[in-house]
Amino acid sequence: MTSAAVPEHPWLLPGALTAPTARVRRTPRDWFVDSLCFLAAVGWAVVAWGDSLSAEPALALNVGPSWLNEVDLLASLVLCGALWVRRRWPVGLALASLPLALFSVGSGVALLIVLFTVTLHRPFPVAAGMFGAHLLATPIHLRLRPEPAMSLWLIVGWTLLFLGAVLAWGMFVRARRQLVVSLRERAHRAEAEQQLRVTQARQLERTRIAREMHDVLAHRISLLSLHAGALEFRPDASPQEVARASGVIRDSAHAALRDLREVIGVLRAETGVAEGAEPERPQPTLVDVPTLIRESRAAGVRVSVVEEVADRAEVPPAVGRSAYRIVQEGLTNARKHAPGAVVDVRLAGGRGAGLTVEIRNPWPVGTAGQGAAGQGAAGPAAGSGAGIPGAGTGLVGVAERVGLAGGRLEHGRDAAGHFRLAAWLPWPA
């Protein structure tokens with residue numbers, strides 16, 4: 001499982017989205033936006049100052065005593081410089097700049113930028129309070145800078161329109177950023193949950209294999225004890241009998257060591273069987289595959305079997321159990337994800353060459369493609385709403401089993417457009 005995807009171009013994202021939980025640092029995009037805001041605010045302040053010096057100002061609100069225009073210019077430039085810290089202290093800057101709304105014309109753009117920042121970084125009640133305070137300053141502004149050509153209500157309406165547009169824009173951008181952050185958190189949580197499911201599937205598979213091997217090792221060791229005891233209590237046995245018993249002891253010891261090596265990692269974990277629990281029945285092997293095929297056919301699955309195994313009875317029990325589980329998983333997932341499709345099962349191999357298990361079925365029609373690793377062996381489910389749900393960990397257990405057996409596993413869509421699950425298991429000579 002890989003970590004969460006990193007944006008391809010993080011420098012194009014706001015700092016609040018690249019590091020939402022740590023100290024936010026400006027990204028190149030933030031520097032570019034802040035520079036544009038600063039230049040726009042300074043440009044408007046200079047234009048307003050130049051207009052106030054003319055005999056007939058084009059901006060009617062620039063009417064007023066000359067000292068007020070000078071104070072306006074100085075205050076506007078100070079506010080423009082303060083825009084560089086607006087991301088860190090948006091509410092404080094909005095409160096500090098509130099007196100400028102009473103008389104300043106040159107700081108109009110800077111004030112709108114500050115209010116937009118408050119809306120973007122603070123909850124709606126705080127932003128609405130700041131906008132309301134600036135709106136209430138409009139009548140006082142008109143007393144200091146009267147506008148005879150326009151009525152009070154018309155000016156208030158235009159002010160309300162500008163402030164409402166900035167408030168709506170800031171709320172939209174804030175909602176979009178919150179959506180992106182929530183989707184990213186959900187993706188991280190889903191990835192962590194999937195990792196946990198994979199880990200649990202591996203642990204459960206290891207525990208299951210350890211339980212299966214318990215019967216095998218008990219059988220091997222009981223044979224060793226039986227024949228060793230016979231040799232101990234029959235010192236007068238013939239050389240042929242001694243040789244035969246020694247051969248059985250040697251073969252049983254080799255088989256037990258081979259089986260033990262396959263699960264030595266599993267036995268390190270505590271598998272704690274409940275006291276008084278009933279013992280499990282013997283695990284199925286390769287000779288039980290025909291029964292599995294008959295059960296699947298009885299359930300309505302069309303199964304075609306090609307068997308090219310030299311002698312099923314000679315297949316080692318551990319290999320046979322793994323082959324049985326692989327066929328079982330393939331047929332189960334074919335029923336889940338490709339109902340009605342013909343499933344081809346092929347078993348081939350012999351001593352020294354290994355055992356090959358292959359399950360193949362047509363790719364379901366109308367599906368978008370294979371999902372994440374761990375999808376059922378038949379590929380994604382068909383588009384019907386009645387499909388059987390899957391946990392997505394089927395192939396995880398199969399891969400764990402094949403890996404412990406020292407084999408190889410392949411799965412995916414082949415060149416013919418079929419889903420193919422193939423495993424090779426070692427079969428010692």
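Okay, so let's go over this structure. (Residues numbered from 1 in each chain as written. Predicted model: local features only at pLDDT ≥ 70, side-chain atom pairs only at ≥ 80, totals over all residues. Heavy atoms only, no water.)

Description of the pairing of strand 1 (residues 302-309)
Here comes step 1: The pairing of strand 1 with strand 2 (residues 342-350) spans 8 bridges and is classified as parallel. From the neighbouring strand, Glu307 faces strand 2, where its bridge partner is Leu347.
Here comes step 2: As a crossover connection, the stretch from strand 1 through helix 11 (residues 317-337) into strand 2 is left-handed. (Pairing = 2+ DSSP bridges. Helix = DSSP H or I, 4+ residues; strand = E, 2+ residues; numbered from the N terminus. Right-handed = clockwise from strand over helix to strand, strands pointing away.)

Looking at a nonpolar patch on the surface
Here comes step 1: A cluster of nonpolar side chains, contributed by Leu154, Trp158, Leu161 and Phe162, occupies part of the molecular surface with about 430 Å² of accessible area.
Here comes step 2: Among the secondary structure elements, Leu161 is positioned in helix 8 (residues 152-233).
Here comes step 3: On the accessibility criterion, Leu161 (52% relative accessible area) is exposed. (Patch = residues over 30% accessible without salt bridge, like charges linked within 9 Å, V, L, I, M, F, W, Y side chains within 5 Å. Areas by Shrake-Rupley, 256 points an atom, 1.4 Å probe, with all protein chains shown as cover. Salt bridge = Lys/Arg side-chain N within 4 Å of Asp/Glu carboxyl O. Buried < 20%, exposed > 50% of the residue type's maximum accessible area, 1.4 Å probe, protein only.)

Things to note about the pattern of salt bridges
Here comes step 1: In the structure shown here, the tally under the stated rule is 9 salt bridges.
Here comes step 2: The partner of Glu314 in a salt bridge is Arg351, with the nearest N and O atoms 3.1 Å apart. One end of the pair, Glu314, is in the loop between strand 1 and helix 11; the other, Arg351, is in the loop between strand 2 and strand 3 (354-362), with 37 residues separating them in the sequence.
Here comes step 3: Among the residues examined, Glu314 registers a relative accessible area of 38% and is labelled partly exposed.
Here comes step 4: One salt bridge connects Glu358 with Arg420, and the closest N-O pair in it is separated by 3.1 Å. One end of the pair, Glu358, is in strand 3; the other, Arg420, is in strand 5 (residues 418-425), with 62 residues separating them in the sequence.
Here comes step 5: What makes Arg420 partly exposed here is its relative accessible area of 24%.
Here comes step 6: Look at the salt bridges and you will find they share partners, linking Glu308, Arg346, Glu358, Arg360, Glu410, Asp414 and Arg420 into a network.

So, the environment of Thr117
Here comes step 1: Looking at where Thr117 falls in the secondary structure, it is placed in helix 5 (residues 108-121).
Here comes step 2: Leaving out residues up to four positions away in the same chain, Thr117 has contacts with Arg86, Arg87 and Pro90.
Here comes step 3: Engagement of the side chain of Thr117 in a polar contact is seen with the backbone oxygen of Ile113, the distance being 2.8 Å. (Contact = heavy atoms within 4.5 Å. Polar contact = N/O pair within 3.5 Å; in protein donor to acceptor, adjacent residues only side chain to side chain.)

Topic: the packing of aromatic side chains
Note on aromatic pairs: each is described by the distance of the centres and the angle between the planes.
Here comes step 1: Per the counting criterion, the structure on display carries 5 aromatic pairs.
Here comes step 2: Taking the centre distance of 6.5 Å and the plane angle of 35° together, the rings of Trp158 and Phe162 count as tilted. Linking Trp158 with Phe162, this pair stays in helix 8, spanning 4 residues, or about one helical turn.
Here comes step 3: Looking at Trp158, the relative accessible area reads 45%, which means it is partly exposed.
Here comes step 4: Look at Trp363 and Phe419: their rings are 6.0 Å apart centre to centre, the planes differ by 35°, and that puts the pair in the tilted class. Of this pair, Trp363 sits in the loop between strand 3 and helix 12 (394-404) while Phe419 sits in strand 5, placing them 56 residues apart in sequence. (Phe/Tyr/Trp six-rings, centres within 6.5 Å; stacked < 30°, edge-to-face > 60°.)

So, the packing of helix 5 against helix 6 (residues 124-136)
Here comes step 1: Contact pair helix 5 / helix 6: the axes reach a minimum separation of 8 Å and the direction vectors enclose 155°. What the angle tells us is that helix 5 and helix 6 run roughly antiparallel. By crossing handedness, the relation of helix 5 to helix 6 is classed as left-handed. In contact with Leu111, Leu115, Val118 and Thr119 of helix 5, helix 6 contributes Val126, Ala127, Met130, Phe131 and His134.
Here comes step 2: When grouped by side-chain class, the residues that make up the contact of helix 5 with helix 6 number 7 nonpolar, 2 polar and no charged. (Axes fitted to C-alpha atoms, helices over the stretch in contact; angles between N-to-C directions. Parallel < 35°, antiparallel > 145°, perpendicular 65-115°, else oblique. Left-handed = near helix turned anticlockwise from the far one by under 90°. Nonpolar A, V, L, I, M, F, W, Y, C, P; charged D, E, K, R; others polar.)

Let's talk about the sheet that holds strand 1
Here comes step 1: Pairing within the open sheet is mixed, and its 5 strands lie in the order 1-2-3-5-4. In this open sheet, the two strands that pair with only one neighbour each are strand 1 and strand 4 (408-413). Shown here is a sheet whose adjacent strand axes are inclined to one another by a mean of 10°, direction ignored.
Here comes step 2: Taken together, the 6 bridges between strand 4 and strand 5 define a ladder with antiparallel strand orientation. Residue pairing for strand 5: Glu410 is matched across the bridge by Ala422.
Here comes step 3: Across the face of the sheet, helix 11 comes into contact with strand 1, strand 2, strand 3 and strand 5 while running at roughly 5° to strand 3.

The analysis is restricted to geometry; functional conclusions fall outside its scope.
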